[in-house]
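So you can see what is in the structure, the chains are spelled out below.
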Amino acid sequence: MNFTVKEIREKDLGKISKICDDSISDSFGIKGFKDLYKLAHIKILKSVNHTDITGYIVLSIVKDEAEILSIAVGENFRRQGCAKLLMKEGFDLIKKSNVKKIFLEVREDNICAINLYRSFGFKVISERKNYYKDKKTALVMMAEL
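Below you will find a few notes about this structure. Values in this document were obtained by computation on a predicted structure and should not be read as measured data. (Residues numbered from 1 in each chain as written. Predicted model: local features only at pLDDT ≥ 70, side-chain atom pairs only at ≥ 80, totals over all residues. Heavy atoms only, no water.)

Points about the sheet that holds strand β7 (residues 138-144)
Taken in spatial order, the seven strands make up an open sheet running β1-β2-β3-β4-β5-β7-β6, and their pairing is mixed. Two strands close off the open sheet at either side, each with one partner strand: β1 (4-7) and β6 (123-128). Each adjacent strand pair in this sheet contributes to an overall mean axis angle of 25 degrees, direction not counted. Along the sheet, helix α1 (residues 13-23) makes contact with β2 (42-49), β3 (52-62) and β4 (65-73), crossing β3 at roughly 90 degrees. The sheet strands contacting helix α2 (residues 29-37) are β2, β3 and β4, and the helix crosses β2 at an angle near 115 degrees. (Pairing = 2+ DSSP bridges. Helix = DSSP H or I, 4+ residues; strand = E, 2+ residues; numbered from the N terminus. Axes fitted to C-alpha atoms, helices over the stretch in contact; angles between N-to-C directions. Contact = heavy atoms within 4.5 Å.)

Some words on the pattern of salt bridges
In a structure, side chains of opposite charge can pair up when their charged atoms sit close to one another. Taken as a whole and judged by the stated rule, the model has 10 salt bridges. Its salt-bridge partner being Lys88, residue Glu89 comes within 3.9 Å of it at the nearest N-O pair. By relative accessible area, which is 40% here, Lys88 ends up partly exposed. By sharing partners, the salt bridges in this structure join Arg107, Asp109, Asp134 and Lys136 into a single network. (Salt bridge = Lys/Arg side-chain N within 4 Å of Asp/Glu carboxyl O. Buried < 20%, exposed > 50% of the residue type's maximum accessible area, 1.4 Å probe, protein only.)

Some details on the nonpolar core
Ranked by size, the top nonpolar core spans 28 residues in total, and within it Ile57, Ile68, Met87, Ile102, Val106, Tyr117 and Phe122 carry the most contacts. Contributing elements (two or more residues each) for this core: β3, β4, α3 (82-95), β5 (101-107), α4 (111-119) and β7. Residue contributions to this core peak at five residues, all from α3. Among the nonpolar cores identified, the runner-up in size contains 14 residues, and Leu13, Ile19, Ile44 and Val48 belong to it. (Core = buried A, V, L, I, M, F, W, Y, C linked by side-chain atoms within 4.5 Å.)

Here it is in structure tokens:
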């Protein structure tokens, strides 16, 4: 399937929020996405297939560090390369900003996501016990550029 990646527009926030709600137990919710959208240091990219928004990635870029705050793909578009494309495009955007390190947090039991992140050079640097609402541990991962 062919996907392209673009910056989101305000009108996309509802669809992005729905993908997040369906994919992530600790979702930002629509209000959270609206708040993030207004911040200058936040970049939100969407993947699209024809007219459907298939996924998104939220990046925070501050000085020489970046963080992937959230990435998710709609259920019907998983395992088709969409997340990998979002990561690649997110990395390309980050590289233009003189960033040296990229961080993210991932549930310790999300093996698919961990493997994706490792393929982009991320390594586990620490853990956050009881990080999520359901008391699961988050792995803190970092990649150096």
